[in-house]
Amino acid sequence: MDSVGFMFILELTYTAPVEHVDQLLDAHVTWLDAGYESGVFIASGRKNPRDGGVILAVGEDRAHIERLTATDPFVTGGVCAYRITEFTATKTAPALAPYRQRVRG
C-alpha cells in the first residue's frame, strides 16, 4: 500500500423519505466538508435517481472509514445506510496519481 492509504467507495442508500433526508442535508454537507479538509474524501455526489449518494474516500483502514461513516448526520439521524467497498486503484487519471496503489507479489 502507498502512503495515501486504502481506497473506498462509500455508497449511501436512503432509508427514509427524501423530505427527511433534506432536513439533515446542511449537517451532512458540513460533515462532508470536514472529510475533504482532512484529506479523506476525494469526490462525492448524489446518485441519479436520488435514492442516495456516493463518496470516494481514502483511509488508513476499513475500521477508520467505518468509524467515520458512523458519524455522518444521515446515519445518526437514521435516514441512510452505508455500503463500504475497499478497492485497489491500480490505474487512475493523472490528477488522481497520488491515490494509485501498486499491487505487490
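Relevant structure appears above.
Quick caveat, the model's predicted, so the values are computed rather than measured.

Considerations on helix H2 (residues 25-37)
Next up, step 1: For H2, built from 13 residues, the straight-helix expectation of 18 Å at 1.5 Å per residue is met to within 8% by its first-to-last C-alpha distance of 18 Å.
Next up, step 2: For H2, every residue scored as buried is listed here: His28, Trp31, Leu32 and Gly35. Mapping the buried residues of H2 onto a view down its axis gives an arc of 100°, with all of them on the same face. Looking at H2, the residues exposed on the side facing more than 90 degrees away from the buried face are Asp26, Thr30 and Glu37.
Next up, step 3: Backbone geometry just after H2 places glycine 39 at a positive phi near 85°.

Quick word on the pairing of strand S3 (residues 52-59)
Next up, step 1: Most of S3 is tucked away, with six of its eight residues classed as buried.
Next up, step 2: Sheet topology note: the strand S1 (residues 6-14)/S3 ladder contains eight bridges and is antiparallel. Residue leucine 12 lies in a different strand from S3, and its bridge partner there is glycine 53.
Next up, step 3: Where strand S2 (residues 41-46) folds back on S3, the antiparallel hairpin that results is connected by five residues.

Concerning the nonpolar core
Next up, step 1: In terms of nonpolar packing, the biggest core is built from 18 residues, with Leu10, Phe41, Ile55, Ala57, Ile65, Phe74 and Tyr82 touching the most fellow members.
Next up, step 2: Looking at this core, the elements that each hand over two or more residues are S1, H2, S3 and strand S4 (80-87).
Next up, step 3: Contact partners of phenylalanine 41, with chain neighbours within four places excluded, come to Leu10, Trp31, Leu32, Gly35, Tyr36, Ile55, Leu56, Ala57 and Leu68.

Quick notes on the packing of aromatic side chains
Next up, step 1: Scanning all chains against the criterion turns up three aromatic pairs.
Next up, step 2: Here the aromatic cluster, defined as three or more aromatic residues joined through ring pairs, consists of Trp31, Tyr36 and Phe41.

Some points on the pattern of salt bridges
Next up, step 1: Applying the stated criterion across every chain yields a total of five salt bridges.
Next up, step 2: Arginine 50 is paired through a salt bridge with aspartate 22; the nearest N and O atoms lie 2.5 Å apart. Here arginine 50, found in the loop between S2 and S3, pairs with aspartate 22, found in helix H1 (residues 18-23); they are 28 residues apart in sequence, far enough to count as distant.
Next up, step 3: On the basis of relative accessibility, which here comes to 25%, the residue arginine 50 falls in the partly exposed class.
Next up, step 4: Taking relative accessible area as the criterion, aspartate 22 reaches 37% and is therefore assigned partly exposed.
Next up, step 5: Connected via shared salt-bridge partners are Glu11, Lys47, Asp51 and Arg83.

Some points on the sheet that holds S2
Next up, step 1: The strand order across the open sheet formed by four strands is S2-S3-S1-S4, and the pairing between neighbours is antiparallel. What marks the edges here is a single partner per strand, and that holds for S2 and S4. Across the sheet, the mean angle from the axis of one strand to that of its neighbour is 15°, orientation sign disregarded.
Next up, step 2: In this sheet, S3 lies alongside S2 in antiparallel orientation, the contact comprising five bridges. By the bridge assignment for S3, phenylalanine 41 is matched with alanine 57.
Next up, step 3: Against the sheet, H2 engages S1, S2, S3 and S4, with an angle of about 155° to S2.
Next up, step 4: Helix-sheet contacts for helix H3 (residues 62-69) involve S1, S2, S3 and S4, and the interaxial angle to S4 is about 160°.

Parameters and conventions
- Residues numbered from 1 in each chain as written.
- Predicted model: local features only at pLDDT ≥ 70, side-chain atom pairs only at ≥ 80, totals over all residues.
- Heavy atoms only, no water.
- Helix = DSSP H or I, 4+ residues; strand = E, 2+ residues; numbered from the N terminus.
- Expected span 1.5 Å × (residues − 1).
- Buried < 20%, exposed > 50% of the residue type's maximum accessible area, 1.4 Å probe, protein only.
- Arc of directions from axis to C-beta.
- Pairing = 2+ DSSP bridges.
- Core = buried A, V, L, I, M, F, W, Y, C linked by side-chain atoms within 4.5 Å.
- Contact = heavy atoms within 4.5 Å.
- Phe/Tyr/Trp six-rings, centres within 6.5 Å; stacked < 30°, edge-to-face > 60°.
- Salt bridge = Lys/Arg side-chain N within 4 Å of Asp/Glu carboxyl O.
- Axes fitted to C-alpha atoms, helices over the stretch in contact; angles between N-to-C directions.

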